[in-house]
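Given next are the chains, with one letter for each unit.
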Amino acid sequence: MSLSRRQFMTLSVSLPMVSMVATQAIAQTPAIYAEDGIAIDGTDPVAYFTDGEPVAGSPDHQVMWQGATWQFSTAANRAAFEADPYAYAPQYGGYCAYAVSQGYTASTTPAAWSIVDGKLYLNYSRRIRRKWERDTAGYIAAGDANWPEVLSA
C-alpha cells in the first residue's frame, strides 16, 4: 500500500494530535486512590469518625462509589456512607494530602490519618503526617488549590 502525498501530509498532521489526546486519557489521575479497586486498603471510612481509629472493613459490607469499592465494618456504617459519601470519604480521593499540597499524588496508609474540620485526610506515612501537622491549615489550602490540576494531570 502506498500513500499519496496528500494522505501522508494529513496523517503527519493528525497523528501527533491523536497521540496527545490518547496520552492525556491514559495519564489522567483516577478520582479515587484504590489499590486493586479497593479504597483505603479496605478500611472503613466511617469508623474514623465513629470509632476514632482505622477499622478494617469487610467484603460483606461494601459499596461501589466513584469507581472504587469501599468496605465497611458494619451494615450501619455502609448505610451512613451511602446516605452521604462526601461526609466520610477522604479528601483528595484518598491520595496523600501532603503530596497533593505539593502538587502531586502519592499512596496512603490507613494508619496515617487526621480529621480536620470534620473532613478526613490521609497521608503517605505517619512521618509525613507529622510534617503535615506542622501547618495543617496551610497544607489544606494548598491542597484545595492544587487538587483540580493534580486530578487532571
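Keep in mind that what you see is a predicted model, and the values were worked out from it rather than measured.

## Comments concerning the overall build of the protein chain
Each helix and strand counted, the protein chain has seven helices and six strands in total. For the protein chain, the N- to C-terminal ordering of α and β elements is α-β-β-α-β-β-α-α-α-β-β-α-α. Buried residues in the protein chain amount to 39% of all 153 residues.

## Quick look at helix α6 (residues 126-133)
Regarding α6, the residues found buried are Ile 128, Arg 129 and Trp 132. Buried residues of α6, viewed axially, fall in a sector of 105 degrees; they line one side. Among the structural elements, α5 (97-101), β5 (109-116), β6 (119-123) and α7 (136-152) are those in contact with the buried residues of α6.

## Describing the layout of surface pockets
Roughly 180 Å³ of volume is contained in the largest pocket. Lining the largest pocket are 13 residues, with Pro 90, Gln 91, Tyr 92, Gly 93 and Trp 147 sitting closest to its centre.

## Here we look at α7
With 17 residues, α7 should reach 24 Å at 1.5 Å per residue; the first-to-last C-alpha distance of 24 Å fits that figure. Of all the bends in α7, the greatest, near 45 degrees, is centred on Asn 146, and the proline Pro 148 appears no more than four residues after it. Every buried residue belonging to α7 is among Thr 136, Tyr 139, Ile 140, Gly 143, Trp 147 and Val 150, and all of these are buried. Packed against the buried residues of α7 are α5, β5, β6 and α6.

## A look at the nonpolar core
Within soluble globular proteins, side chains that are nonpolar generally end up buried alongside one another. Counting 17 residues, the largest nonpolar core has Tyr 92, Cys 96, Tyr 98, Tyr 121, Trp 132, Ile 140 and Trp 147 as its most contacted members. Of all elements in the fold, only α5, α6 and α7 reach the threshold of two or more residues within this core. Apart from the residues within four sequence positions on either side, Ile 140 is in contact with Tyr 92, Val 116, Tyr 121 and Trp 132. If you look at the next biggest cluster of nonpolar residues, it comprises 16 residues, including Val 46, Phe 72, Phe 81 and Ala 89.

## Side note on the pairing of strand β3 (residues 58-65)
Pairing of β3 with strand β4 (residues 68-72) involves five bridges; the strand directions are antiparallel. When the bridges of β4 are listed, Ser 58 appears paired with Phe 72. The antiparallel hairpin formed by β3 and β4 contains two residues in its connecting segment, where Gln 66 sits at a positive phi of about 50 degrees.

## Quick word on the side chain of Thr 108
Looking at the secondary structure, you find Thr 108 in the loop between α5 and β5. Here Thr 108 falls in the buried class, since its relative accessible area comes to 8%. At a separation of 3.0 Å, a polar atom in the side chain of Thr 108 contacts the main-chain carbonyl oxygen of Gly 94.

Cut-off values and rules
- Residues numbered from 1 in each chain as written.
- Predicted model: local features only at pLDDT ≥ 70, side-chain atom pairs only at ≥ 80, totals over all residues.
- Heavy atoms only, no water.
- Helix = DSSP H or I, 4+ residues; strand = E, 2+ residues; numbered from the N terminus.
- Buried < 20%, exposed > 50% of the residue type's maximum accessible area, 1.4 Å probe, protein only.
- Arc of directions from axis to C-beta.
- Contact = heavy atoms within 4.5 Å.
- 1 Å grid on protein atoms, 1.4 Å probe; cavity = no way out; pocket = protein on both sides within 12 Å on 5 of 7 lines; lining within 4 Å.
- Points joined across faces, edges and corners; volume = space filled by probe spheres on them.
- Expected span 1.5 Å × (residues − 1).
- Bend = angle between axes of the 7 residues up to and from the residue.
- Core = buried A, V, L, I, M, F, W, Y, C linked by side-chain atoms within 4.5 Å.
- Pairing = 2+ DSSP bridges.
- Polar contact = N/O pair within 3.5 Å; in protein donor to acceptor, adjacent residues only side chain to side chain.

Keep in mind that these numbers describe shape and distance, not what the molecule does.
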